[in-house]
Amino acid sequence: MTPRKKLRGLVAATITPMTPDGQINLPVIGQYVDYLVSKQNVKNVFVNGTTGEGLSLTIQERKQLAEEWVHQGKDKLDHVIVHVGALSLPESQELARHAAAIGASAIAAIAPFFFKPTKKVRVEELLDGIRERIPTFQGVKFSDTDLLDLAQCINKNEGEQFEFLYGVDEQLLSALAIGADGAVGSTYNYLGQKTALMLQAFAKPDLALAQKYQFLTGEFLSFVIKLGFGVAQTKAIMTFVSGIPMGPPRLPLVDASEEFIVKAKAKLDSIVWPDGD
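Read on for an overview of the structure. (Residues numbered from 1 in each chain as written. Predicted model: local features only at pLDDT ≥ 70, side-chain atom pairs only at ≥ 80, totals over all residues. Heavy atoms only, no water.)

1. Looking at the pattern of salt bridges
Let me state the cut-off plainly: Salt bridges are identified by distance alone: a Lys or Arg side-chain nitrogen within 4 Å of an Asp or Glu carboxyl oxygen. By definition, any uninterrupted DSSP run of H or I lasting at least four residues is a helix, any uninterrupted run of E lasting at least two residues is a strand, and each is numbered from the N terminus.
Taken as a whole, this structure holds 10 salt bridges when the rule is applied. The salt bridge involving Lys 76 is made with Asp 34; its shortest N-O contact spans 2.9 Å. On the criterion of sequence distance, the pair formed by Lys 76 in the loop between helix H2 (59-73) and strand S3 (79-83) and Asp 34 in helix H1 (residues 29-39) is long-range, its members being 42 residues apart.

This is the structure:
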């Protein structure tokens, strides 16, 4: 693994660009990296997660994407986190070894979600003594709306040995208030610059300004969620905002409708942000 910088701020949960016939479109990753850095002020990425359709890709495709993000992100991105979770433990281990070999900054893995332990464990319980079992463990992407659980985790994080990244974009400001170090989310692909301004306002601190950015992000997400919002719709939004063709989702998901695209674009264009853009 490459030397590690402290992970703070925004992490874009990357989309997997695809060709019209559903093959991964590696040649646009370089353009994607440049767009995130120059237009969205985002220098950290989370590859092959839910937004990236990781579990719909083959092991070879996941490796190819990880390699391309590490290659194109060299000297441009601060962190390339590769998601290696899989339904098969040996496949997950293979992906983890591959991520280490190519120089990824870190790996992440979703918990088992089909065959899974019957005993439910809260995150704060999981963290007790975890470094003894996983010496390289660094932190958690917390994607639940249970802020009490998150708060308990952060409260027990003596010496700030772990990093906590929040995964519910429309509630990020609340998570920051209780000590989250940053966030992983799909909206940072196209609202990263606005969210970075919210983080700056929170740090000043100018809570009223930070709230304005959070409320407007929530307004947009509430609108598209009511229309029906998922990976396909995220790809459509990213395509019209960035100009980079993200292509269709992989089956069984289907393309966003033209009606969704028209309405989502009109809504996003209608928002007046505090910075006047």
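Having seen the model, we can carry on.
2. Focus on the sheet that holds strand S2 (residues 44-47)
To keep it simple, the criterion reads: DSSP bridges decide pairing: two strands pair if at least two such bridges lie between them. Structural elements are reduced to axes, namely lines fitted to C-alpha atoms, with helices fitted over the stretch in contact, and the angle between N-to-C directions of any two is expressed from 0 to 180 degrees.
Spatial strand order, S4-S3-S2-S1-S7-S6-S5: 7 strands in an open sheet with parallel pairing. Looking at strand neighbours, the two that pair on one side only are strand S4 (106-108) and strand S5 (139-142), the edges of this open sheet. Looking at each pair of strands side by side, their axes are set apart by 25° on average, direction ignored. By the bridge criterion, 2 bridges tie strand S6 (residues 163-166) to strand S7 (residues 182-185) in an arrangement that is parallel. Each residue of the ladder has a partner; that of Leu 165, found in S7, is Gly 182.

3. Things to note about the environment of Leu 89
This is how the line gets drawn: The classification of residues rests on relative accessible area computed with a 1.4 Å probe and restricted to protein chains. Under 20% of the type maximum is buried, over 50% is exposed, and intermediate values are partly exposed.
Its location among the elements puts Leu 89 in helix H3 (residues 89-102). Residue Leu 89 is classed as exposed on the basis of its relative accessible area of 56%. When the C-alpha atoms of Leu 89 and Ser 257 are compared, they prove to be 36 Å apart, with 168 residues separating the residues in sequence.

4. Side note on the pairing of S2
So the rule is basically this: For the handedness criterion, the strands are oriented away from the viewer, and a crossover whose path from the first strand over the helix to the second runs clockwise is classed as right-handed.
Every second residue of S2 is oriented toward a common face, with Asn 44 and Phe 46 on one face and Val 45 and Val 47 on the other, all of them buried. In the classification by handedness, the crossover that spans strand S1 (residues 9-13), the intervening H1 and the parallel S2 is right-handed. Relative to S3, S2 runs parallel, the two sharing 4 bridges. Across the sheet, the residue bridging to Phe 46 is Ile 81, located in S3. Once the chain exits S2 it traverses H2 before rejoining the sheet at S3, and the crossover so formed is right-handed.

5. A word on the pairing of S7
Residues Gly 182 and Val 184 point to one face of S7 and Ala 183 and Gly 185 to the other, with burial holding for every one of them. Across 4 bridges, the pairing between S1 and S7 is parallel. Bridge pairing links Gly 9 to Gly 182 in S7. Once the chain exits S6 it traverses helix H7 (residues 172-177) before rejoining the sheet at S7, and the crossover so formed is right-handed.

6. Observations concerning helix H11 (residues 258-270)
Quick reminder of the rule: Expected helix span is taken as 1.5 Å per residue step, with the number of steps being one fewer than the number of residues. Note that the arc is defined by the directions from the helix axis to the C-beta atoms.
The end-to-end C-alpha separation of H11 is 18 Å, in line with the 18 Å expected for 13 residues at 1.5 Å each. Along H11, the positions that sit buried rather than exposed are Phe 260, Ala 264, Lys 267 and Leu 268. The buried residues of H11 occupy one face: seen down the axis, they fall within an arc of 95°. Turned more than 90 degrees away from the buried face of H11, the exposed residues are Glu 258, Glu 259 and Asp 269.

7. Some remarks on H2
Note the threshold: Every residue pair with non-hydrogen atoms within 4.5 Å of one another is taken to be in contact.
Spanning 15 residues, H2 covers 21 Å between terminal C-alpha atoms, matching the ideal 21 Å at 1.5 Å per step. Taken together, the buried positions of H2 are occupied by Ile 59, Glu 61, Arg 62, Lys 63, Leu 65, Ala 66, Glu 68, Trp 69, Val 70 and Gly 73. Its buried side turned inward, H2 meets H1, S2, S3 and H3. Just downstream of H2, Asp 75 is the residue with a positive phi angle, here 65°.

8. Comments concerning a nonpolar patch on the surface
Our working definition: Patch definition: residues with relative accessible area over 30% and no salt bridge; like charges joined within 9 Å; nonpolar side chains (Val, Leu, Ile, Met, Phe, Trp, Tyr) joined within 5 Å. In this description, accessible areas are obtained by the Shrake-Rupley approach with a 1.4 Å probe, and a residue is regarded as covered only by the protein chains that are shown.
A surface patch of nonpolar side chains, amounting to about 710 Å² of accessible area, comprises Leu 55, Leu 87, Ile 110, Phe 113, Phe 114 and Phe 115. In this fold, Phe 113 is placed in the loop between S4 and helix H4 (123-127). Exposure remark for Phe 113: the relative accessible area of 37% places this residue in the partly exposed category.

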